[in-house]
Amino acid sequence: MTSPAIPPAIEAAELIWRDGLPESKQIEDICSDLRNGRLESGDEFIERYNLIEQFAAVPEAGSFVVAKAGFGTGLTFLTTWQAWQAHGPSHAATLHFVAAEPSPLSRRDLESALTAWPELQSLSKELISNYPPLIQGTHRLILDGGRIRLTLFFGDINTAWDQLDFQADVWLGDNPKVPESSVTRDTTETPANSVAVIGAGIAGCLLANNLARRGYSVTLVDAADEAGSAASGNLQGAMYVKLGVEFNHQTQLALSSLTFSQRYYAPYLDQYWHPTGLLQLAWNDNEKDRQRRFIERNRYPEEVLRAVTRQEAETLTGSSLESGGLWFPSSGWLSPGKLCRSLASHPGIRKVFGLSVRQLVASEGKWLLSATDSEDIRADQVVICAGHLSPKLIPGQGTFRFKAIRGQVTHIPASLVTNPKAVICGARYFNPAQGAESEQLAVIGATFDLHSDEPAPTAASHRENIRDLSAMVPQMLSAEIASGNLPDQLAGRVGFRCTTHDYQPVAGPFFDASGQVQEGLYLLTGLGSKGLTYAPLLAEFVADLLTDQPSALPAQLAKRVATGRMHRTKVASS
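Remember, predicted model here, so these are calculated numbers, not experimental data.

A. Inspection of the sheet that holds strand E18 (residues 366-371) at higher detail. Ordered in space as E17-E18-E19, the 3 strands form an open sheet in which the pairing is antiparallel. The two strands at the open ends of the sheet, each matched to only one other strand, are strand E17 (359-363) and strand E19 (374-379). Ignoring strand direction, the axes of neighbouring strands in this sheet form an average angle of 25°.

In structure tokens, the structure reads:
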């Protein structure tokens, strides 16, 4: 008898292969799925669930939701996807598939099982490449350019139905574990689909692009002249989180954000996304002890992270180090400013730049965005994604528990450092140098200045970055830099992060001080120094809410990021 997995890992289904097909003790119908799966596919599958008529009724920017207790090999999901491709609407619309699986297949077994159906090869290949690591909880996969969204819950089915927020149009199969009051909704109603997004940083651009891909009319507003001009405009940004020793809701949110962002950025490989791997260095005694306790109390799939010795860390990073650490093979660095501009270029996004919003006013079921010497912008819904400026835009009276933290990065010429092959994090993050060979710069950072509002880079902050980097990786700096003799003109950049009193992000509908929701007003901000990691999943979550589609976050994590906690006085309900 095997012992249960230590969170957050979940045990894979144990398969026995007979005549080229799998059998499983945990998933009773897995073999019959493969032997008989096509009996419930093609015309018979479509007719049984009346999919042609139902798909045809989905309006522009609408969605259709299919749910199933169990995922198995994913054959039923792939069949549904194929039916949507053949009979789904020609306009922008989204097919959601929601499934709970207590004993998921490993990626290798999934790939082996699906070879039985070569006619599904192209769809199977995309599913397999996006298949999540075997971690308990909710996983959102975006497939087929966003036309398909798969929500997979790994764990107990009853827990899944308690935690997942969705309404199904069709339940597949005859499973007694289908929850009560689970169906249905009106899929023919055309959604109110104009959204104004204030703020063209990473969060705002991800959200605007997400909504535009779903067929929504989006206006992206920013005071700057182009996207990615403020805190999201750095040359490079490390994409990582610091996972807690205890696997609680905070850690679960960080982990879900990490794995989702790795999948989300994959299409931008070698353009703006560079998954070089990332080492969280055990750079001092406190961090060594924290990492030791972390490894003792948790089990993570190696595709997410693993502990490495100093020798392994040196091989992986190509650097001379003084300790090992935690290796995240699928993490790396981004060019956030370039990514923002690419996201904002979607033809469904109307860009209104160089405009400072002065006031938000609700009027006759719409929101009006007023600016000096400019025509008002009207939208059905508004999302404030303005970073540390967000509190100034929230309508009404009240004070909020946001704070701005100055962060300065330093650009060091590659000739003055040993260039790593992967991102190294500790007291600072240290990214591999980029640029033309003669002009390569390594980006290190960032400072954490709670009491400074200086917008320009300072020599003192450069010295702080170099000092902390030297303490972390002393062998990787030239003697000149390590001794404190900095070049006369060190370049860098300052950004102001927006963080919260509990250092957790804010995403969702806005609740006023009395606990009442402000219809059509949402927040997506407070991402702190981990915005590149948190923003993709939270933008997906807010887009789900705006479009009345299944939620990418389970209830316990949606509560974690709820907006009502940001009032200085207690909110009755959020």
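Having seen the structure, we can now continue with the description.
B. Local environment of a nonpolar patch on the surface. Taken together, the side chains of Phe448, Leu450 and Tyr503 present a nonpolar region at the surface, about 300 Å² in accessible area. Among the structural elements, Tyr503 can be located in the loop between strand E25 (491-500) and strand E26 (506-511).

C. The arrangement of the sheet that holds strand E7 (residues 170-172) in detail. The 5 strands lie next to each other as E5-E6-E4-E3-E7, forming an open sheet whose pairing is mixed. Where the open sheet ends on each side, the last strands, each with one partner, are strand E5 (137-143) and E7. The mean inter-strand angle of the sheet, taken between neighbouring strand axes irrespective of direction, is 20°. Pairing geometry for strand E3 (residues 63-69) and strand E4 (residues 94-101), over 7 bridges, is parallel. Residue Phe64 lies in a different strand from E4, and its bridge partner there is Leu95.

D. Highlighting the side chain of Thr447. Tracing the backbone through its elements, the reader meets Thr447 in the loop between strand E24 (441-445) and helix H14 (459-472). In terms of polar contacts, Thr447 uses its side chain to reach the side chain of Asp449, at 3.1 Å.

E. Region of the structure containing the packing of aromatic side chains. Here the structure, examined in full by the defined rule, presents 16 aromatic pairs. These aromatic residues form a ring-pair network of at least three members: Phe71, Phe77, Trp81 and Phe97.

F. Structural view of the packing of helix H8 (residues 202-213) against helix H16 (residues 531-547). Two elements in contact, H8 and H16, have axes separated by 8 Å at closest approach and are oriented at 40°. If you check the angle between H8 and H16, you find them oblique. Read as a crossing pair, H8 and H16 show a hand that is right-handed. Contact residues: Ile202, Ala203, Leu206, Leu207, Asn210 and Leu211 in H8; Gly531, Leu532, Ala535, Pro536, Ala539, Glu540, Val542, Ala543, Leu546 and Thr547 in H16. Per-class residue counts for the contact of H8 with H16 are 12 nonpolar, 3 polar and 1 charged.

G. Quick look at helix H4 (residues 75-87). With 13 residues, H4 ought to run about 18 Å at 1.5 Å a step, and its terminal C-alpha atoms sit 18 Å apart, in line with that. Listed in full, the buried residues belonging to H4 are Leu75, Thr76, Phe77, Leu78, Thr79, Thr80, Trp81, Ala83 and Trp84.

H. Layout of the pairing of strand E12 (residues 278-281). Residues Leu278 and Gln280 line one face of E12 and the alternating positions Leu279 and Leu281 line the opposite face, and both faces are buried. The pairing of E12 with strand E22 (residues 423-425) spans 3 bridges and is parallel. Bridge pairing in E22 links Leu279 to Ile424. Here E12 pairs with strand E14 (residues 325-328) via 4 bridges, running antiparallel. From the neighbouring strand, Leu278 faces E14, where its bridge partner is Phe328.

I. Unusual backbone geometry, seen in detail. That bond from Pro7 to Pro8 is cis: its omega, 5°, falls within 30 degrees of zero. Omega for the peptide link from Gly445 to Ala446 comes to -10°, which places this bond in the cis form. With respect to the helices and strands, Ala446 occurs in the loop between E24 and H14. The residue Tyr503 is not glycine, and still its phi comes out positive at about 55°.

J. View of the pairing of strand E20 (residues 381-384). Here E20 shows no split at all, with Gln381 and Val383 on one side and Val382 and Ile384 on the other all buried. Across 4 bridges, the pairing between strand E8 (residues 194-198) and E20 is parallel. By the bridge assignment for E20, Ile198 is matched with Ile384. Bridge analysis of E20 against strand E27 (residues 517-525) gives 3 bridges, and the strand direction is parallel. Bridging across to E27, Ile384 finds its partner in Leu523.

Calculation rules
Residues numbered from 1 in each chain as written. Predicted model: local features only at pLDDT ≥ 70, side-chain atom pairs only at ≥ 80, totals over all residues. Heavy atoms only, no water. Pairing = 2+ DSSP bridges. Helix = DSSP H or I, 4+ residues; strand = E, 2+ residues; numbered from the N terminus. Axes fitted to C-alpha atoms, helices over the stretch in contact; angles between N-to-C directions. Patch = residues over 30% accessible without salt bridge, like charges linked within 9 Å, V, L, I, M, F, W, Y side chains within 5 Å. Areas by Shrake-Rupley, 256 points an atom, 1.4 Å probe, with all protein chains shown as cover. Salt bridge = Lys/Arg side-chain N within 4 Å of Asp/Glu carboxyl O. Polar contact = N/O pair within 3.5 Å; in protein donor to acceptor, adjacent residues only side chain to side chain. Phe/Tyr/Trp six-rings, centres within 6.5 Å; stacked < 30°, edge-to-face > 60°. Parallel < 35°, antiparallel > 145°, perpendicular 65-115°, else oblique. Left-handed = near helix turned anticlockwise from the far one by under 90°. Contact = heavy atoms within 4.5 Å. Nonpolar A, V, L, I, M, F, W, Y, C, P; charged D, E, K, R; others polar. Expected span 1.5 Å × (residues − 1). Buried < 20%, exposed > 50% of the residue type's maximum accessible area, 1.4 Å probe, protein only.

Limitation: the analysis is restricted to geometry and does not speak to function.
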